[in-house]
Amino acid sequence: MKPITKLAETLDTLTRMGDVTLFEPAGDQPLAERRAPRYQSRSIEECITNVSTPKGPKPVLKAMVTTACERNCNYCPFRAGRSKTQRVTFTPDAIAAATVEMTRKRQVEGLFLSSGIIKGGVTTQDKILDAGEILRKKHRYRGYIHLKIMPGAEYDQLLRAMQIADRVSINLEGPTQERLEALAPKKQFNDELLRMLLWADRIRRENPNLRLASTVTQFVVGAVGDTDLELLSLSDHLYRSARLSRVYYSAFSPVIQTPFESLSHTEAIRERRLYQASFLLRDYAWNVEDLPFVGAGNLNTHIDPKTAWAQANLRDAPVDVMRAERDQLLRIPGVGPQTADKILKARRERRLTDLKQLRDLGMNAVDKAAPFILLDGTRPPVQMPLF
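Residues numbered from 1 in each chain as written. Predicted model: local features only at pLDDT ≥ 70, side-chain atom pairs only at ≥ 80, totals over all residues. Heavy atoms only, no water.

**Describing the confidence of the model for the protein chain**
So, point 1. Taken residue by residue, the protein chain gives an average pLDDT of 90. The fraction at 70 or more is 90%.
So, point 2. The low-confidence segment residues 35-41 (pLDDT under 50) makes 10 contacts with residues lying over four places distant or belonging to another chain. (pLDDT = per-residue confidence, 0-100. Contact = heavy atoms within 4.5 Å.)

As structure tokens, then:
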């Protein structure tokens, strides 16, 4: 396969590829990135995703060095031997030039770059790094860059990627070696993937004065019997031990002409509940043991995990808003870190005695919180559902 080198050919080929990384999130609001593909629209817009990044919302070009792959992941549209996949390879210079041109035209403000694996993870990683380095050094590109780390990449490659990019992805895919083997038979959970997440944290600890990329990972949810307890237990461990910025959960969607084409898709609501629980672990100081798992180690999809916990624990022991510590306030449905801080500040100045005062603090879900709190020592009135 001859790599594409010319700018015009690169842009034209991108329009024919569409969103090749549709199920690989690039930003901080992955559910919002999903959209129904426009069938053969042949528009460059199909390659652009509006993502929420640490630097604010940005339109980002999502591209791959190559759509060819020597791995045989059972769920992946780019797996080896799948004839329905259009195989295309770009040179690092071509990717960099396309990103610069689209930035110049104000079509994008950044790049998310992934790849299939050809000639091993190390060789493929070099091409991804070359594209990023050409952007930063040759073109002096200051836009947002998110780079995928290939299975089996070397320590020095990871360090280089973290110096070039704003964010790097090291995708575990499954929460255990057993689950990963069922998803991707040629990948090694500990040696190729988990070790690199720990390396990334080591790199940050050993280079405190360098500007280094944040680290994220992704799981494929629901294809091989994985449970929410497995996924969230590992997520919690990685938040604490590897200081991950984000864990992505991608609900499994079957792809024709793959071994998993006849499996059922995973409901989007399960993905949503995983994100809600993951944020409780990352941002609200919850432990996995706090999460309200039901049968078989999964979350209840009919109610968000925070409200489910509150119904079981706070109905008969409501939180006194005037007395509670910050971590107790964060257990109340509708109260996030910013609202908790506003409550702590406000109550130093005055007593909080009614729901209107909470609304005035900017709390949007007051009615959701009302059944689980005390104001001035008494339960506030609760709006009963009409139907």
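**Considering the packing of helix H4 (residues 120-138) against helix H5 (residues 155-164)**
So, point 1. Here H4 crosses H5 at 25°, and the two axes come no closer than 10 Å. Considering the angle they form, H4 stands roughly parallel to H5. Once H4 is placed against H5, the crossing between them reads as left-handed. Between H4, through Val-122, Gln-125, Asp-126, Leu-129, Asp-130, Gly-132, Glu-133 and Arg-136, and H5, the contact on the second element is made entirely by Gln-157, Arg-160, Ala-161 and Ile-164.
So, point 2. In the contact of H4 with H5, the residues fall into four nonpolar, three polar and five charged. (Axes fitted to C-alpha atoms, helices over the stretch in contact; angles between N-to-C directions. Helix = DSSP H or I, 4+ residues; strand = E, 2+ residues; numbered from the N terminus. Parallel < 35°, antiparallel > 145°, perpendicular 65-115°, else oblique. Left-handed = near helix turned anticlockwise from the far one by under 90°. Nonpolar A, V, L, I, M, F, W, Y, C, P; charged D, E, K, R; others polar.)

**Quick word on unusual backbone geometry**
So, point 1. Despite not being glycine, Arg-243 shows a phi value in the positive range, around 50°.
So, point 2. In this fold, Arg-243 is placed in the loop between helix H8 (228-241) and strand E7 (246-251).
So, point 3. Positive phi values are uncommon outside glycine, yet Gln-257 reaches one of about 65°.
So, point 4. With respect to the element layout, Gln-257 can be found in the loop between E7 and helix H9 (268-283).

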